[in-house]
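One-letter residues, chain by chain:
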Amino acid sequence: MRFRFSRVQLLAVTLLGLAISGAQAEIRQTSVWWLPRNVTMFGHEIDFIFYVILVLTGVTAVAVFSVMIYFIVKYRAKPGVSAVHSHGNNTLEVIWTGIPVFIFLALAIYGNEQWTQMRLKTPPADALPVAVIGEQFGWNVRYPGADGKLAKMTAASVTKENPFGVDSADPAGLDDFTTYGELVFPVDRPIRLYLGSKDVIHAFYVPEFRLYQDMVPGRIYDFVWLKAEQTGQFQLACNQLCGQGHYKMFGKLSVVPESEYEAWAKGKAPQPTAAKATSTVPVVMAGR
Ligand code: CUA
């Protein structure tokens, strides 16, 4: 028996495929064809240098190809006309080597300065520390409790049962709370990330944050920080091929007003032990 698809059937399958992929991409709220909106402080500089490079290379490409096509046509082989041999022009060589050198140096110096601000300067002291440890295939997230401090983490102590590598006796960690794949960041407040991995290399990537950082097992990076300037719902996507389930390694990330963050964190905080856990709030039964 032979299967043959008509063009209409193929078109239907293609459209269905596009519809499904479109449905999965719904989390991307803005600008599917261009850069997603930027919501972080450092994103402005990253976008700026992106546009500078785009314009420089774009103008150069158009100029070079135009001249090249013009010369190809103008000096095409013609019967009875012999080729002219040129040995170059030193002045021109110096000019068109010197200008790119100057541009590249300027870009490198500017880029290096921005990188220093982003990754090498100590994050602000009032930053909210949040630990994110990748695993096949999800995100372990740890927040500080009321003390604003995370338990001390050591990469060497990371195990299957202890993804954050914390010392359970550390008092700073007693009020920490954890989530799986759910992150909430307060807007306009610096966030200091502690990034690590339980198994293989993963990557913390949020396009709207213009933030990408590999997470390498055996290390906990504490130098990545950011400040979101707009609220919204985003997707934390692992951006390092990490195994068969890589494609579904998503996290839900919201940036919300500080008060909303406080309320969320309160709801997630570990419950006090039995004696204090008895609620005095009457239980309301649903229905009838
Ligand atoms: Cu984790 Cu890809």
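Residues numbered from 1 in each chain as written. Predicted model: local features only at pLDDT ≥ 70, side-chain atom pairs only at ≥ 80, totals over all residues. Heavy atoms only, no water.

Caption draft 1: Layout of the sheet that holds strand S7 (residues 211-215). With mixed pairing, five strands are arranged side by side in an open sheet as S4-S10-S9-S6-S7. Each edge of the sheet is formed by a strand with only one pairing partner; in this case those strands are strand S4 (182-186) and S7. Averaged over all neighbouring strand pairs, the angle between strand axes comes to 20°, with direction disregarded. Pairing between strand S6 (residues 202-206) and S7: five bridges, direction antiparallel. Of the residues in S7, the one forming a bridge with Tyr205 is Tyr212. Strands S4 and strand S10 (250-256) of the sheet are contacted by helix H4 (residues 258-268), whose axis makes an angle of about 140° with S4. (Pairing = 2+ DSSP bridges. Helix = DSSP H or I, 4+ residues; strand = E, 2+ residues; numbered from the N terminus. Axes fitted to C-alpha atoms, helices over the stretch in contact; angles between N-to-C directions. Contact = heavy atoms within 4.5 Å.)

Caption draft 2: Looking closely at the nonpolar core. The biggest cluster of nonpolar side chains holds 35 residues, and the ones touching the most others in it are Tyr143, Phe185, Leu193 and Phe209. Residues within four places of Phe209 in sequence aside, it is in contact with Val39, Thr40, Phe185, Leu226, Phe234, Leu253 and Val255. In terms of nonpolar packing, the next biggest core, distinct from the first, is built from eight residues, Ala131, Ala151, Val166 and Tyr194 among them. (Core = buried A, V, L, I, M, F, W, Y, C linked by side-chain atoms within 4.5 Å. Buried < 20%, exposed > 50% of the residue type's maximum accessible area, 1.4 Å probe, protein only.)

Caption draft 3: Layout of a nonpolar patch on the surface. A cluster of nonpolar residues, Val32, Trp33, Trp34, Phe50, Tyr51 and Leu54, forms a patch on the protein surface that exposes about 710 Å² of accessible area. Within the secondary structure, Phe50 sits in helix H2 (residues 43-74). (Patch = residues over 30% accessible without salt bridge, like charges linked within 9 Å, V, L, I, M, F, W, Y side chains within 5 Å. Areas by Shrake-Rupley, 256 points an atom, 1.4 Å probe, with all protein chains shown as cover. Salt bridge = Lys/Arg side-chain N within 4 Å of Asp/Glu carboxyl O.)

Caption draft 4: Focus on the packing of H2 against helix H3 (residues 90-120). Running from amino to carboxyl end, H2 crosses H3 at an angle of 165°, the nearest separation of the two axes being 11 Å. Taken together, the axes of H2 and H3 are roughly antiparallel relative to one another. Seen along the crossing, H2 lies across H3 with a hand that is left-handed. Of H3, the residues touching H2 (which contributes Glu45, Ile46, Phe48, Ile49, Val52, Ile53 and Leu56) are Ile103, Leu107, Tyr110, Gly111, Gln114 and Met118. Of the residues in the contact of H2 with H3, the class split is ten nonpolar, two polar and one charged. (Parallel < 35°, antiparallel > 145°, perpendicular 65-115°, else oblique. Left-handed = near helix turned anticlockwise from the far one by under 90°. Nonpolar A, V, L, I, M, F, W, Y, C, P; charged D, E, K, R; others polar.)

Caption draft 5: Layout of the pairing of strand S5 (residues 190-197). Buried residues dominate S5, accounting for seven of its eight residues. Two elements, strand S1 (residues 128-135) and S5, share seven bridges in a ladder whose sense is parallel. The partner of Leu128 across the bridge, within S5, is Ile191. Where S5 and strand S8 (residues 221-227) come together, five bridges link them in antiparallel fashion. When the sheet's bridge partners are listed, Pro190 is paired in S8 with Lys227.

Keep in mind that these numbers describe shape and distance, not what the molecule does.
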